[in-house]
Amino acid sequence: MLQKLFSRALASNLSCLVVPGPEIALAHGLDVKAVGMRIAGTPRDASVLLIVGKLPEKMSEAVAVLFAQMPRLRAILVLGARPPSSLPGTDVSGDLSQAALIEAVARLKQVMAKGAFASSPEDFDSSVLHARTEYVCPMHPEVVEDEPGSCPKCGMDLVARETGESTPEHHHDHEHEHHHHGHDHGEHEDEHEQCHGHEDREHQNHHDHRQDHEPEHHPDHNHDHSEGEGHKQEKAETEYTCPMHPEIVRDEPGSCPKCGMDLVAREDMEDDGGGEEAPGHGNDHEHQHHHDHSDYDEHDHEHHQDDGHEHGHGHSGHEHGGHDHGASGFMSMIEVTKDLPRSADGLQMDWLEVPFGPVFPGLPGGLKLTLTLDGDGVTEGQAASVVGITSEGEEDGEMDANTFIEHLSSAMPLAPVSYRLLACLAIERAAGLEDDSANAGGRTGALERERIASHLGWLARFGHQMGFAWLANRASTLQLNVQAASKEGLIELEPSLQALATRVGRTPLLKARLRGIGVLPTGSSDLRGPVGRASGKGGDAWARLWQRLDEIPASLDLIKAAVEPELPVLRNIGSDVSGTGETTVETPRGESRLKVSLEHGQVTSYELDTACSHHIDLVAELVKGRELGDALVAVGSIDLSPWEVIS
């Protein structure tokens, strides 16, 4: 009896991870919350993997990693497609509609209740989960190779690691711990690992303290001074030593037998006592540093502690940034890391490359954002799509016109009406047809209705990213109401849309959060849609938000002046027409252009150019030099649709 009660309670409290993302579910008219499921932000917080529509291959690989990190008891619900081959199967499936979702969730609760006390749940394994080996330099983590070898910067032997691990050396242990902890989304680092920006404060604290005390990695802790002084008195010729293993001393150049690093020349000098200070001072401080920062390697900690008791010596000139290594003659860590990149304050840094996506809260599903972090700051970044289509192509065995229209519109789930219209117009022009004034009103109404819904969808995702739950909830509810509304229904929604804009304007915290964030670099070219129009109004995230809010009533005015919105349908072009047609459509994210070639009524090739294909190039400049949180907001503010990023 107790098991039954527990099973029912578990089945009634379902949380789902939506793939490719919640915005895709909303675009298809799916209200997940209305069926009693909570949308989870991470796989570890989800009991149901909800897959909406067909997934591209790279997204299928990401899904396998997500599913592997979901806790038991877990289930797979697929709507509108077959399950990806990377998953073990489907527990429940259905059509891509709200009615099918309601029915599927009812069946899913039964499945979850029955499986709550399964004696031996099956293990999940996939080839995607098997890590590959790569080779990295312990001193220069940016040097990564697929095969063994030597570092081109320092000559040190590259160390093997599995993809997803951090550099296997003591001075990177903290970055490894932070990197692992921050990726609650469990994406594999090679393709899919994700990280929350607010968790990088710990990394910044380590960065600040480490830079203040960097000389504490002084390489001469194991050096026997009495023996070294006698040796200096005997001869004054050049000797060669390893920066990492100072006990290795040779009379000629070569490699360290312990680590393979190139030996460094040092000129022996008369020791006049300038290399000593109060006994134990330097190592006592170092011992405290390692005690406070226990994330360093335990063996490394013991090594430095023992040195403090054995030798009782400090470091000459060691005062938080001052370095005097002339007496010892050894190369300091400053010398060893001289080729590492520098942060804004001029200090050498070990940068950490962190991928976000392709499933990350607040960013559109299918977008892979890779940022290089310097503490909490972003030094550089780039974005790529794992769901986009090619800019041009020749169809296998040709494709009839209507099939091509369906193909293009289904490939753009965040703006299917816009690309359906784009394909219809291009094909009609290729067939030599004049503009259709009879159907223009209905097409315009459908296009503007999608523009309103798209802007609301972006606002919902943006509100979720910034932590404004009221904004995310209200915008998503309005989006669902707008998408299928008639002309009369849209007019009835006008007061609610105006109230939303008023509420946004009366939220000073929102304005303070967006002002000055994501300012477009001077000279940005080929800006389209709201991003381009907002560039003349300040060009920051706040301006882009208001540009989209201003376009909503403008679209409503066009709908009022038009006839009932109608889904674009291709006119009769005949079965034996040939030619080339080109056209443009102002989609919700900007102007898109399409050129198609027809042969005997079949689409044989196409060329596609979209706004997002150009806007994605803005990411590098938008994130450079920004704090992590601001960088993510800046990327979110340009409303990238990975589906519309073409290669």
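In what follows, the structure referred to is the one given above.
A. Seen up close, the overall build of the protein. The number of helices and strands found in the protein is 22 helices and 18 strands. Counting every position in the protein, which comprises 647 residues, the buried fraction comes to 53%. Residue pairs at least 24 apart in sequence account for 68% of intrachain contacts in the protein once pairs closer than 6 positions are excluded. For the protein, the accessible area works out to roughly 28700 Å², and carbon and sulfur atoms hold 47% of it.

B. Quick peek at the sheet that holds strand S12 (residues 352–356). Across the sheet, three strands lie side by side as S12-S13-S14; this open sheet has antiparallel pairing. The open sheet has two edge strands, S12 and strand S14 (377–385), and neither has a second partner. Across the sheet, the mean angle from the axis of one strand to that of its neighbour is 20°, orientation sign disregarded. Pairing of strand S13 (residues 367–374) with S14, which is carried by eight bridges, proceeds in the antiparallel orientation. Bridged to leucine 371 within S14 is glycine 381.

C. Representation of the nonpolar core within the structure. In this structure, Met37, Leu77, Phe404, Ile427, Leu594 and Leu608 are the most contacted members of the largest nonpolar core, which totals 72 residues. With nine residues, helix H12 (residues 416–430) is the single largest residue contributor to this core. If we ignore the near neighbours within four places in the chain, the residues touching leucine 594 are Phe404, Leu408, Leu422, Ala423, Ala426, Gly581, Glu582, Thr583, Tyr606, Glu607 and Leu608. Residues Leu500, Leu520, Leu556 and Leu640 belong to the second largest nonpolar core, which totals 57 residues.

D. Representation of the packing of aromatic side chains in the model. Under the definition given, this model contains four aromatic pairs. On the basis of an interplanar angle of 85° and a centroid distance of 5.3 Å, the ring pair of phenylalanine 356 and phenylalanine 360 is categorised as edge-to-face. For the pair formed by phenylalanine 356 and phenylalanine 360, the shared burial category is buried. Ring centres of phenylalanine 404 and tyrosine 606 lie 5.6 Å apart, and the angle between their planes is 50°; on these two criteria the pair is classed as tilted. Residue phenylalanine 404 is located in helix H11 (residues 401–410), and its partner tyrosine 606 is located in strand S18 (residues 602–609); the two are separated by 202 residues in the primary sequence. Across the pair, tyrosine 606 and phenylalanine 404 agree in class, each one buried. Sitting above the plane of the phenylalanine 67 ring, arginine 74 keeps its charged end 4.4 Å from the centroid. When the ring centre of tryptophan 458 is taken as reference, the NZ or CZ atom of arginine 548 above it lies at 4.3 Å.

E. Representation of helix H16 (residues 494–505) within the structure. Here H16 contains twelve residues, and its C-alpha end-to-end distance of 17 Å stays within 8% of the 16 Å for a straight helix at 1.5 Å per residue. Residues of H16 that are buried include every one of Glu494, Leu497, Leu500, Ala501 and Val504, and no others. Down the axis of H16, the buried side of the element spans an arc of 125°, and every buried residue falls inside it. The inward-facing, buried residues of H16 contact helix H13 (437–466), helix H14 (469–483), helix H15 (487–492), helix H17 (508–514) and helix H19 (541–561).

Parameters at a glance
Per chain, the residues get numbers from 1 upward, laid out in the order the sequence is written. Only residues with pLDDT of at least 70 get local features here, since the model is predicted, and only at 80 or more are side-chain atom pairs given and counted; chain-wide, interface and lining totals rely on the full set of residues. The side-chain quantities take in all heavy atoms of the structure and omit both hydrogens and water. Secondary structure elements are taken from DSSP: a helix is a run of H or I of four residues or more, a strand is a run of E of two residues or more, and numbering for both begins at the N terminus. Categorising residues by exposure relies on relative accessible area from a 1.4 Å probe, with only protein chains included: less than 20% of the type maximum marks a residue as buried, more than 50% marks it as exposed, and the intermediate range marks it as partly exposed. Here a residue-residue contact requires only that any non-hydrogen atoms of the pair lie within 4.5 Å. With residues, only the protein chains shown are counted as cover, and all accessible areas are computed by Shrake-Rupley using a 1.4 Å probe. Here, any two strands with at least 2 DSSP bridges between them count as paired. The convention used is that axes are lines fitted to C-alpha atoms, helices contributing only their stretch in contact, and that angles between N-to-C directions extend from 0 to 180 degrees. In this description, a nonpolar core means a group of buried Ala, Val, Leu, Ile, Met, Phe, Trp, Tyr and Cys residues linked to one another through side-chain atoms lying within 4.5 Å. By convention, a stacked pair of Phe, Tyr or Trp rings (six-membered ring in the case of Trp) has centres within 6.5 Å and planes under 30 degrees apart, an edge-to-face pair has planes over 60 apart, and any other such pair is tilted. A positively charged side chain is recorded as over a ring if its NZ (Lys) or CZ (Arg) lies within 6 Å of the ring centre. The angle to the ring normal must also be within 35 degrees. Any helix carries an expected span of 1.5 Å times its number of residues minus one. The reported arc concerns the directions from the helix axis to the C-beta atoms and nothing else.

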